[in-house]
Amino acid sequence: MNNSELHELIIRHYKEKLKPKPFVPGRDVIRYAGRVFDEEELLKLVEASLDFWLTEGRFAEEFSEKIAEFLDIANVVLTNSGSSSNLLALTALTSRKLGDRRLLPGDEVISVAAGFPATVTPIIQNGMVPVFVDVDLGTYNIDVDMLESAVSPKTKAVFIAHTLGNPFDIDRVAAVCKTHGLWLLEDNCDAFGSKYKGGYTGTFGDIATISFYPAHHITTGEGGAVVTAREELARIIRSLRDWGRDCYCAGGENNTCGKRFSQQFGTLPFGYDHKYVYSEIGYNLKMTDMQAAIGSAQMDKLESFCARRRDNFRRYIEIFTPYEEHFMLPEATAGSDPAWFSFIVTVRGGAPFTRDELVKHMNEALIETRYLFAGNITRQPLFDGVGYRVAGALDNTDFIMQNTFFLGTYPGLTGEMLDYIGETLKAFMNRYR
Ligand SMILES: Cc1ncc(COP(=O)(O)O)c(C=O)c1O
């Protein structure tokens, strides 16, 4: 930004109003997550607002390019949320353009019940049947032995998240998908920056999704992205995101294909304006350029944010290890290097206290905690009257619903905050010595 007076004012505003203040234990709430930013994000946001382009423009292009470069993936489609991204990813597989590989109502899609609803709801929204497989305790990811036996002749896809940033066993899941000809969708919303065998999660499946809600690795407020290496899928995803239109001109452009007025579509008159030809039953789930501007500034910090998350995770391991007798500590999946979304622990059966007692103690000390999202999603009211199948039993999922919680690892946590969390846990555990 060239306007130096404005520039100075923005920096002053950040320092006076928004810069984090020193932490006071017992007075300030320790959030489990939150946006972390400085004047760079504000400067970009103001720059975008002064352009007043509003819809996807130069900042969206910049942001998508940074994501594409980071993940080393060809196609990035920005959206208005991680949930919209998930909806687009699954809906894309229903496109007629995919011929007999297309998903149809009644088809089965395998997922897990211990997760966030937005991974599962697109399956139901598309008239398909979610099939739930149990998860492992420790990694909180799909039990791959059970995945194999969950596959039926109706199964067409696997749609699962890298739970709280911990990659699922990608090699084995991908092998099951290959053997049975299933699509693999990675919900990478909680794992942007996690690695598996040297590659980033979000680059292994047919399609992957990212969320930029403030709890996630970077934020644009609301926002998300769908990524895929496959041009054909990217074209469908873009179309679904943009009202179902067939034309793929960027906003404000005309006639990119060079055939705007010279094609035949359906029973429309020959040469009907390609800009108003619709070949998918679409939505409008686009991001604004102001959001993208924030995202672009956040991308410059992604690596350092992930490093902080890993450091904070290691600190939690130190904090909890002395009490391992009563807690199952999280385990990174073999071959992975998670950019942990959070620190997840399970109170062991037979512990002299319950998860809920400990969570109450932490929250009273102003330390935020969370459960593993929906617990066992099949027990949630949303499933009243909705068809689904459980493959085997969901014993671990039920155990997690009752005994598991997580604490934040986000980069806004300071050493003092983590020390205070350690002392608060110690005070609770001292009751049971
Ligand atoms: C695994 C997972 N998928 C999808 C979402 C949805 O993302 P959003 O909040 O951006 O809609 C979330 C939650 O934020 C999530 O944790």
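Residues numbered from 1 in each chain as written. Predicted model: local features only at pLDDT ≥ 70, side-chain atom pairs only at ≥ 80, totals over all residues. Heavy atoms only, no water.

When you look at the environment of Phe 428 in this model, what are you seeing that I'm missing?
Assignment of secondary structure puts Phe 428 in helix α13 (residues 415–429). Residues Phe 428 and Glu 357, spaced 71 residues apart in sequence, show a C-alpha to C-alpha distance of 9.5 Å. Setting aside residues up to four positions removed in sequence, Phe 428 forms contacts with Phe 353, Glu 357, Leu 358 and His 361. (Helix = DSSP H or I, 4+ residues; strand = E, 2+ residues; numbered from the N terminus. Contact = heavy atoms within 4.5 Å.)

Help me out: how do you make sense of the pairing of strand β4 (residues 155–161) in this one?
The side chains of a regular strand alternate, residue by residue, between the two faces of the sheet. Along β4, five of the seven residues are buried, which leaves the element largely enclosed by surrounding structure. One ladder, built from three bridges, connects strand β2 (residues 108–112) with β4; its direction is parallel. Residue Val 109 lies in a different strand from β4, and its bridge partner there is Ala 157. Taken together, the five bridges between β4 and strand β5 (residues 183–187) define a ladder with parallel strand orientation. The residue of β5 that forms the bridge with Ala 157 is Trp 183. Handedness of the crossover joining β4 and β5 through helix α7 (residues 170–180) is recorded here as right-handed. (Buried < 20%, exposed > 50% of the residue type's maximum accessible area, 1.4 Å probe, protein only. Pairing = 2+ DSSP bridges. Right-handed = clockwise from strand over helix to strand, strands pointing away.)

Where do I start with the nonpolar core in this structure?
One broad trend across soluble globular proteins is that nonpolar side chains are buried collectively. In terms of nonpolar packing, the biggest core is built from 32 residues, with Ile 110, Ile 142, Leu 147, Val 158, Ile 160, Val 173 and Leu 372 touching the most fellow members. Looking at this core, the elements with two or more residues in it are β2, β3 (129–133), α6 (144–150), β4 and α7. Take this core: its biggest share by element is four residues, from α7. Each residue touching Leu 147, except ones within four places of it in the same chain, is listed here: Ile 110, Val 133, Ile 142, Val 158, Val 173 and Val 176. By size, the runner-up hydrophobic cluster in this structure holds 31 residues, among which are Leu 358, Phe 405, Tyr 410 and Phe 428. (Core = buried A, V, L, I, M, F, W, Y, C linked by side-chain atoms within 4.5 Å.)

When you look at the sheet that holds strand β6 (residues 195–196) in this model, what are you seeing that I'm missing?
Within a beta sheet, neighbouring strands are joined by backbone hydrogen bonds and run either parallel or antiparallel to one another. A sheet is described by the order of its strands in space; here three strands give the open sequence β7-β6-β11, paired in antiparallel fashion. Taken across any chain shown, the strands that pair with only one partner, and hence form the sheet edges, are β7 (199–200) and β11 (336–337). Taken together, the two bridges between β6 and β7 define a ladder with antiparallel strand orientation. From the neighbouring strand, Tyr 196 faces β7, where its bridge partner is Gly 199.

What should I look at first to understand unusual backbone geometry in this one?
Excluding glycine, residues mostly carry a negative phi; peptide bonds, for their part, are mostly trans. One non-glycine residue, Leu 54, adopts positive backbone phi at about 75°. Of note, Leu 54 is situated in the loop between α2 (39–51) and α3 (58–71). Owing to a relative accessible area of 31%, Leu 54 belongs among the partly exposed residues under this scheme.

Would you explain the domain arrangement of the chain in this entry?
Interface size is commonly expressed as the accessible area that is lost once the parts come together. For the chain, the assigned domains are domain 1 (43–299) and domain 2 (302–432). Here the C-alpha centroids of domain 1 and domain 2 sit 28 Å apart. Taken together, the contact between domain 1 and domain 2 spans 47 residues of the former and 49 residues of the latter. Between domain 1 and domain 2 lies a buried interface of about 3700 Å² when both sides are counted; carbon and sulfur atoms form 63% of it. Broken down residue by residue, the surface that domain 1 buries against domain 2 is led by Leu 137, Tyr 140 and Leu 164, which jointly contribute 20%. Where domain 1 meets domain 2, there are one salt bridge. (Domains from an automatic or database assignment. Buried area = accessible area lost by both parts, 1.4 Å probe. Salt bridge = Lys/Arg side-chain N within 4 Å of Asp/Glu carboxyl O.)

Sorry if this is basic, but what is going on with the pairing of strand β8 (residues 207–211) here?
For β8, the buried fraction is high: five of the five residues fall into the buried class. Of the two faces of β8, both are covered, the one formed by Ile 207, Thr 209 and Ser 211 as well as the one formed by Ala 208 and Ile 210. In the sheet, β8 pairs with strand β9 (residues 224–228) via four bridges, with the strands oriented antiparallel. Considered in β9, the bridge of Thr 209 is made with Val 226.

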